[in-house]
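A closer look at the structure
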Amino acid sequence: MPTPAERRALIFLAALAATGAAVRGVAAIRGAAPVPADALVALDRQRAAVDSVAAEHKGRRGGRGRHAPKDSLAVRVDLDRAAAAELQALPRVGAGLAGRIVADRDSLGPFGSLEELRRVRGVGCALLATLAPHVTFSGSARLSRGDENPAEGMRTPCDVGRLRTSRLK
C-alpha cells in the first residue's frame, strides 16, 4: 500500500503524463510545420559525417578493449606541466592515472625524465616505452637515492626487463 507521499508522487506523475499527451494531441491537430528542405540536407550531411567518424573509430579500435589507441598525437605533452585533461590524450593514460601523475608531480616535484615517472603507481616499463615518443619534460630530474655515486654498468629495472625479453626471442 503506497504511503501518502508516494500517492502524491504518483498523482503528480499521472498529471504530468496527461499534460504531455494533451500537448502532443494539440500539436497533432494543428499540424506540425513542414521541415525545410535545406534543413533536411544539412541533417543528412551531419549524419554522414558522424557515420564516417564512427566507422574510422571502429576500424582503429581493432578489438583492443574499451579504449581506442591514441596514436596520432600532433604535439608532445610536457609531463612536468600538463594538466590531467592533457595527459588523458596520451596512449594508455586514463583519468585515474592522469590524476595520480598530477598528484605525484604536485607533491614531489617535476619528473624530469621517463625513469622518474616510474614513481607513479601504475607506471611500468611497458607504459614508459609506449609514452616515450609522445612526452617531453621541462623540469630537471630529482636526485634519487644512489644517484650521487652510480655504480658502473648498473642497469635500470626497465633495461633489465628489455634484456630478459630480448633473450627469449
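Here we summarise the structure given alongside this text. Here the structure is a predicted model, which means the values were calculated and not measured.

Next up on the list: the overall build of the protein. The secondary structure content of the protein amounts to seven helices and two strands. Beginning at the N terminus, the succession of helices and strands in the protein can be written as α-α-β-α-α-α-α-β-α. Relative to its 169 residues, the protein shows a buried fraction of 17%. For the protein, long-range pairs separated by at least 24 residues make up 52% of all intrachain contacts whose partners lie at least 6 apart in sequence. Total accessible area on the protein is roughly 12600 Å²; 59% of this is exposed by carbon and sulfur atoms.

With that settled, the discussion passes to unusual backbone geometry. The phi angle at Arg 92 is positive, at roughly 65 degrees, despite the residue not being glycine. Mapped onto the fold, Arg 92 is located in the loop between helix H3 (84–87) and helix H4 (95–108). Using a relative accessible area of 52% as the deciding quantity, one classes Arg 92 as exposed.

Bringing the nonpolar core into the picture now. Of all hydrophobic cores here, the largest spans 18 residues; its most connected members are Leu 87, Leu 90 and Leu 117. Breaking this core down by element, the ones donating at least two residues are H4 and helix H6 (125–131). Those residues within four positions of Leu 87 in sequence are excluded, and the remaining contacts are Val 77, Leu 79, Ala 82, Val 93, Ala 98, Ile 101 and Val 102.

Tracing the backbone shows Asp 104 in helix H4. Only 2.4 Å separates the side chain of Asp 104 from the side chain of Arg 119, close enough to count as a polar contact. In contact with Asp 104, other than residues within four places in its own chain, are Gly 109, Phe 111, Arg 119 and Val 120.

Moving on: the pattern of salt bridges. Scanning all chains against the criterion turns up five salt bridges. The partner of Arg 119 in a salt bridge is Asp 104, and the shortest N-O contact between them spans 2.4 Å. You can see Arg 119 sitting in the loop between helix H5 (114–117) and H6 and its partner Asp 104 sitting in helix H4, a full 15 residues away along the chain. The structure contains a network of salt bridges with shared partners spanning Asp 104, Glu 116 and Arg 119.

This part is about H4. Because each turn of an α-helix spans 3.6 residues, side chains separated by three or four positions in sequence point in the same direction. Taking 1.5 Å per residue, 14 residues should reach 20 Å; H4 reaches 20 Å between its end C-alpha atoms and fits that length. Turning to H4, its buried residues are Leu 97, Ala 98, Ile 101, Val 102, Asp 104 and Arg 105. Angular distribution of buried residues about the axis of H4 spans 160 degrees; they occupy a single face of the element. When the buried face of H4 is taken as reference, the exposed residues oriented beyond 90 degrees from it are Ala 95, Asp 106 and Ser 107. Buried positions along H4 lie against H3, H5 and H6. Among the residues trailing H4, Gly 109 stands out with phi positive, at a value near 100 degrees.

Reading the values: the criteria
Residues numbered from 1 in each chain as written. Predicted model: local features only at pLDDT ≥ 70, side-chain atom pairs only at ≥ 80, totals over all residues. Heavy atoms only, no water. Helix = DSSP H or I, 4+ residues; strand = E, 2+ residues; numbered from the N terminus. Buried < 20%, exposed > 50% of the residue type's maximum accessible area, 1.4 Å probe, protein only. Contact = heavy atoms within 4.5 Å. Areas by Shrake-Rupley, 256 points an atom, 1.4 Å probe, with all protein chains shown as cover. Core = buried A, V, L, I, M, F, W, Y, C linked by side-chain atoms within 4.5 Å. Polar contact = N/O pair within 3.5 Å; in protein donor to acceptor, adjacent residues only side chain to side chain. Salt bridge = Lys/Arg side-chain N within 4 Å of Asp/Glu carboxyl O. Expected span 1.5 Å × (residues − 1). Arc of directions from axis to C-beta.

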